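Residue-level structural notes
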Amino acid sequence: MSDAVLSVLDELNPAQREAVETTEGPLLVLAGAGSGKTRVLTARIAYLIGTCGIAPESILAVTFTNKAAGEMRNRVQKMIGSASEGVWLSTFHSTCVRILRRDIGHLGFSRGFAIYDQKDGLGVVKEALKRQGLDPKEHDPRSMSWRIDQWKNAGVGPAAACDAAMDFEAQRAAEIYTTYQRLLVDSNALDFGDLLLLTTELFERYPEVLAHYRRRWQYVLIDEYQDTNRVQYKLVQQLAGEHRNLCVVGDPDQSIYAWRGADVRNILDFEDDYPETKTVRLEENYRSTQPILKAANGVIAHNVARKEKDLFTEKEGGDAIQIFEAVDDREEAQFVVSQILISARDDGRSYGQFAIFYRTNAQSRSFEEELLKYDVPYVVVGGVRFYDRAEVKDALAYLRLLINPADGAALRRIVNKPVRGIGKTTLERAERVSQEHGTPLLEGLRRVAEEGGRTAAKIQRFLALLEELERDIEGASSADAVGRILDRSGYLAALEKEATPEAEARIENLRELLSAADDFGRDAMGTDDDGRSEIERFLDLVALVSDLDSYDRKDECVSMMTVHTAKGLEYPVVFVVGLEEGIFPHSGSMRDERGIEEERRLCYVAMTRAMERLTLTSAQQRLRFGSRTYGVASRFLREIPAEVVDEASGRRSRSSQASDIDYSYSQESYGEDGNLDLAPGLRVRHPIFGDGVVRTVIGSGPSQKLRVEFERAGLKVLVVRFANLEFG
DNA sequence: GATCGCAATTTTTTT
DNA sequence: AATTGCGATC
């Protein structure tokens, strides 16, 4: 047994160790928050390879997010080094792409299929509605798209949906689904749901294909099993149902994806599905202090549909939970940021130790503004994704179209970017033609050009551009290909001509894309994956990886993200904000008890991310959709046991003043009139910027500001009350 | 066919 | 508040 694996085993508690050493047969690991789940998974992989002598290639480990996969890969690598490289460790979606790229030929798609994101999919739904002669105003394309996704998550194909339709409405929806699916086939494209659904279909209809993967993956590990949907469940069963060396890890209390088809029954019924299952419970929490855990346990205990479970910790003491009710969202942000500044100063914490979690992405703004004001570095994880930006998607659409000429969504996106005189009318003609002949959209466009007419020359020029690019990128790296596209299409030139700050930012984003492509090319060099080109693999990556920098966590930045994104992470100091009825729990989930319970689990997930300090905030009023709305403190706040709440932080009443709360922290430096005796030329010291000289004094009173020139950091404007300056 | 301006609509959460 | 869609106008 390798020393590295031995020492890892020594650090495990008996339950964890059992989970690692039970390598044969089905194993269910019920892992509470912070109980060392990732540790067990990684140790298990290391143990299988290092101790049991299992070939890395025969291990399949599946996670939900790329982030989780990346982290696990790193940790396994640290334990056993290069032996870890053969392990197939990735997300459900990437795994399916890999399988389909090899074997999808059986199902009538070609191996060069495109992957459509939900926006592409929405476009296809609209097209399907049009073809059915339905008015998109009466049939909301978004809800239609959502419905189709639900069907796919449940493993229901178009034919099954038609059969199951009980009324006229469902019948029509199923017809749209059918048309939608046909349009995808015409475009040689798969949406996210297809990646999973078609893989199970492939396995079902072609047992010899399934046999190949079964033979290969003798040991299967599934992370976050409580969040799997029916199709993923089926996939797992197909892969592992025979050899049954299946280890699933999860926590029913952290099931937060029911809205996208996840089915908790998958984990609750695991012991029924695999009667010989061994179950291991990890209930000791190593992450959080006593008060944090008590608070989280207190909240989750209010869920009725739940198996009783209490996490415990042996950690004694710890700060009480802080609860703050702000007057409005601005004050909420001010409070949180001031707390961060205070703690950074008094406790010597780096900004990387703080995290702000919110229910919806839109809530990040007020915090960003406030952090910006004090020059606190931050990262917003998730949110507006890099690869979702218009200019980036445009550039990638060119690439997609060149790789898969049938890709209608990509063609639609770029035919007229930059403007080349091929507009709506021409495109509609092309659509009609391609519908008549059942050909891809690009072929339709080609025929329109052959018919002649006003736009024929313009189309010809566009087609010539595509041909030229196709030749150019043959065998090129993805970075070169993107560069070539931006250049020859005139896309970059058009942006440069605009010469606006927005265009400047877009160009900057495109540069970033180039550098991402370049990085990818460097990493991918030499690794030959079924003979697919680097460009093809780059397109797979950008389709399935949400964030450019999701891998490296910036140490010096405050992290901000939605609660969903936060799952699996931990931070010393956590702020959960916006705890109001209608936001958290969210209004969309308040209709029934099931929705409320999922929101409560979400709250539980958020709270259990905290290691040392946890603060929960709400606001009495906030700006929503541009107008003021009034909120009531979330029920979850009342569910926290009173004895772990810091009374001083206060559940304060509506009438009390903002000054009740001490979030100014240089009181002592105020003069008699509450103002400082400040004048230009005064020497000051700032905790972050260091030494500087006051240049200008702006205003007076609590909002008094200084313009200070720092030796290192340059010119900054600081609010005296918050800036925590030392004088003299 | 392009461009401008107004209106509607948006906010759940993500691969 | 900000993005998207639509219609009127050039």
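Our structure is the block above this text.
So, a few notes on the structure that sits alongside this text. (Residues numbered from 1 in each chain as written. Chains lettered and ligands numbered in written order. Predicted model: local features only at pLDDT ≥ 70, side-chain atom pairs only at ≥ 80, totals over all residues. Heavy atoms only, no water.)

Comments concerning empty space enclosed by the protein
Just so we agree on the cut-off: In the cavity and pocket records, a cavity denotes points on a 1 Å grid over the protein atoms alone where a 1.4 Å probe fits but cannot get out, a pocket denotes an open set with protein on both sides within 12 Å along at least 5 of 7 lines, and lining residues are residues with an atom within 4 Å of a point. Grid points are joined across faces, edges and corners, and a volume is the space filled by probe spheres set on the points. Runs of E in the DSSP output that reach at least two residues are strands. Runs of H or I that reach at least four are helices, and both are numbered from the N terminus.
Counted according to the given criterion, the structure contains two cavities of 30 Å³ or more. Put simply, the largest cavity is a space of about 70 Å³. Forming the walls of the largest cavity are Leu-60, Val-62, Phe-92, Thr-95, Cys-96, Ile-99, Ile-222, Leu-235, Val-236 and Leu-239. Secondary structure elements with two or more residues in the lining of the largest cavity: β2 (59-63), α5 (92-103) and α12 (230-240).

Let's talk about the nonpolar core
Stated precisely, the cut-off is as follows: Residues grouped as a nonpolar core are buried Ala, Val, Leu, Ile, Met, Phe, Trp, Tyr and Cys residues, joined through side-chain atoms within 4.5 Å. Under the scheme applied here, a residue whose accessible area is under 20% of the maximum for its type counts as buried, over 50% as exposed, and between as partly exposed, the area being computed with a 1.4 Å probe on protein chains only. Note on contacts: a residue pair is in contact if any heavy atoms of the two residues lie within 4.5 Å.
Formed by 64 residues in total, the largest nonpolar core has its most connected members in Trp-151, Leu-195, Ile-222 and Leu-246. The biggest single contributor to this core is helix α9 (residues 168-186), with seven residues. In contact with Leu-195, not counting residues within four places along its chain, are His-93, Cys-96, Val-97, Leu-100, Phe-113, Ile-115, Leu-190 and Leu-544. Residues Ala-410, Val-433, Phe-462 and Leu-495 belong to the second largest nonpolar core, which totals 49 residues.

Some points on the layout of surface pockets
What the second largest pocket holds in volume is close to 810 Å³. Lining the second largest pocket are 33 residues; nearest its centre among them are Gly-123, Val-124, Glu-127, Arg-412 and Glu-431. For the lining of the second largest pocket, the elements supplying multiple residues, two or more each, are α6 (118-131), α9, α19 (408-414) and α20 (424-437). When residues in the lining of the second largest pocket are grouped by element, the largest group, nine residues, is from α6.

So, the protein's contact with DNA strand C
This is how the line gets drawn: Whether a residue is near a molecule or strand is decided by its heavy atoms; if any one of them lies within 4 Å of it, the residue is near. Pairs of N or O atoms within 3.5 Å make up the polar contacts considered here, provided that, within protein, one atom can donate a hydrogen while the other can accept it, and that residues adjacent in sequence are counted only when both atoms are side-chain atoms. Throughout, the ten residues Ala, Val, Leu, Ile, Met, Phe, Trp, Tyr, Cys and Pro are labelled nonpolar, Asp, Glu, Lys and Arg are labelled charged, and all others, Gly among them, are labelled polar.
Around DNA strand C, the neighbouring residues are Lys-119, Lys-126, Arg-365 and Phe-625. At 3.3 Å, a side-chain N or O of Arg-365 approaches a sugar or linking oxygen of DNA strand C. Residue classes in the surface near DNA strand C are distributed as one nonpolar, no polar and three charged.

So, the packing of helix α15 (residues 290-300) against helix α28 (residues 593-607)
For any two helices packed against each other, one specifies the crossing angle of their axes together with the interaxial distance. Test applied: Fitted lines through C-alpha atoms serve as axes, helices being fitted only where they are in contact, and the angles separating the N-to-C directions of these axes extend from 0 to 180 degrees. In this scheme, roughly parallel covers angles under 35 degrees and roughly antiparallel covers those over 145, while 65 to 115 is roughly perpendicular and the rest are oblique.
Closest axis-to-axis distance for the α15/α28 pair is 9 Å, and the angle between their directions is 175 degrees. The orientation of α15 with respect to α28, classified from their angle, is roughly antiparallel. Contact residues: Ile-292, Ala-295, Ala-296, Asn-297, Val-299 and Ile-300 in α15; Arg-600, Arg-601, Cys-603, Tyr-604 and Met-607 in α28. For the contact of α15 with α28, the residue count by class is eight nonpolar, one polar and two charged.

A short note on helix α4 (residues 66-80)
Our working definition: Each residue after the first adds 1.5 Å to the expected span of a helix.
Its 15 residues place the ends of α4 21 Å apart at the C-alpha level, agreeing with the 21 Å of an ideal helix rising 1.5 Å per residue. Burial in α4 covers these residues: Asn-66, Ala-69, Gly-70, Met-72, Val-76, Met-79 and Ile-80. Downstream of α4 by a residue or two, Gly-81 has a phi angle that is positive, lying close to 70 degrees.

Some words on the side chain of Thr-179
When you line up the elements, Thr-179 lands in helix α9. At 2.5 Å, the side chain of Thr-179 forms a polar contact with the side chain of Gln-132.

Examining the pattern of salt bridges
The condition is simple: We define a salt bridge as a side-chain nitrogen of Lys or Arg found within 4 Å of a carboxyl oxygen belonging to Asp or Glu.
The full count for this structure, using the stated rule, is 56 salt bridges. A salt bridge links Arg-359 to Glu-599, with the shortest nitrogen-to-oxygen separation between them at 2.5 Å. In this pair, Arg-359 is assigned in the loop between β10 (354-358) and α17 (364-373) and Glu-599 in helix α28, connecting sequence segments 240 residues apart. Glu-443 is paired through a salt bridge with Arg-446; the nearest N and O atoms lie 3.2 Å apart. Taken together, the positions of Glu-443 and Arg-446, both in helix α21 (residues 441-450) and three residues apart, correspond to about one turn of that helix. The class of Glu-443 is partly exposed, set by a relative accessible area of 25%. A residue is classified by how much of its surface remains accessible, and Arg-446, at 29% relative accessible area, is partly exposed.

Note that all results are geometric; they support no functional claim without further evidence.
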